[in-house]
Amino acid sequence: METFTAAKLTQLIPLAASLLFSGSVFGDSFKTISRTIDVSLIASIEIQAGVAEMDIEFYDGDVIELEIELEAERRWFALRRGNVDEVELEVHTSDAHIYLGIQDQKVQQRWRMRMPSKLALAIDVGVGEIELEDFSNNLEMEVGVGSVRVDIDDTDYAMIRLSVGVGDASIEGFGQQRVDNERSFVSADASYQGDGEMEINIDLGVGEAVVRRR
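The paragraphs below set out a description of the structure included in this document. (Residues numbered from 1 in each chain as written. Predicted model: local features only at pLDDT ≥ 70, side-chain atom pairs only at ≥ 80, totals over all residues. Heavy atoms only, no water.)

## Section: the pattern of salt bridges
Applying the stated criterion across every chain yields a total of 13 salt bridges. Across the salt bridge formed by Arg112 and Glu69, the nearest N and O atoms sit 3.1 Å from each other. Pair noted here: Arg112 is in strand E6 (residues 107–116) and Glu69 is in strand E3 (residues 63–72), with a separation of 43 residues, a long-range link. Classification of Arg112 by relative accessible area gives partly exposed; the value is 43%. (Salt bridge = Lys/Arg side-chain N within 4 Å of Asp/Glu carboxyl O. Helix = DSSP H or I, 4+ residues; strand = E, 2+ residues; numbered from the N terminus. Buried < 20%, exposed > 50% of the residue type's maximum accessible area, 1.4 Å probe, protein only.)

## Thoughts on the nonpolar core
If you look at the biggest cluster of nonpolar residues, it comprises 56 residues, and the most contacted ones within it are Trp111 and Leu132. Those residues in contact with Leu132 that sit more than four places away from it in its chain are Ile56, Phe58, Leu121, Ile123, Leu139, Met141, Arg149, Val150 and Asp151. (Core = buried A, V, L, I, M, F, W, Y, C linked by side-chain atoms within 4.5 Å. Contact = heavy atoms within 4.5 Å.)

## Considerations on the pairing of strand E11 (residues 188–193)
Here E11 shows a clear split, with Ala188, Ala190 and Tyr192 buried on one side and none of Asp189, Ser191 and Gln193 buried on the other. When strand E10 (residues 179–183) meets E11, the two strands line up antiparallel, connected through 5 bridges. Across the sheet, the residue bridging to Asp180 is Ser191, located in E11. Between E10 and E11, which follow one another and run antiparallel, lie 4 residues. (Pairing = 2+ DSSP bridges.)

And the structure:
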């Protein structure tokens, strides 16, 4: 009986140490950043990220509600992931403009935002999936690889332009007589000219871009 217990302890001690180590690594590999930002004096916002999913909703207000989940990439030479403890959200304001960004290319990011509709928006993402809901302002967006979907309310625009290097692009819900969806061998472009005052410009390297009006 004593031999059996000693043998079991010999097996369990390394296992316990391994679990403790794995727990600390797990804690360092995942992180959530939450912010509430007053933008009552702000007119435009710029967002930059390396690898990110973004789901942004718009409302009539003066506060940005933001939650970002960070996940370190898995290292190819090890079972464990990297560390995100020191990764922070950059926030800069200048005049009536605010910048939010996380540029680390080795961290996967999931942005969930509730943003005032009064803000003109610029987004620059290397790889990602971007979804904007109830949008009604000026938009400039550049995405290297991924997908973009912009759902707007009944706001009209002066111009909407989508350009996709490899993939597909489409503008829906504006009346076919003013929409031009062009598809070549690998690339796609879509444009719309209307009677509004604002503009949407989206450049996507590889993927699919859709702008849709309800």
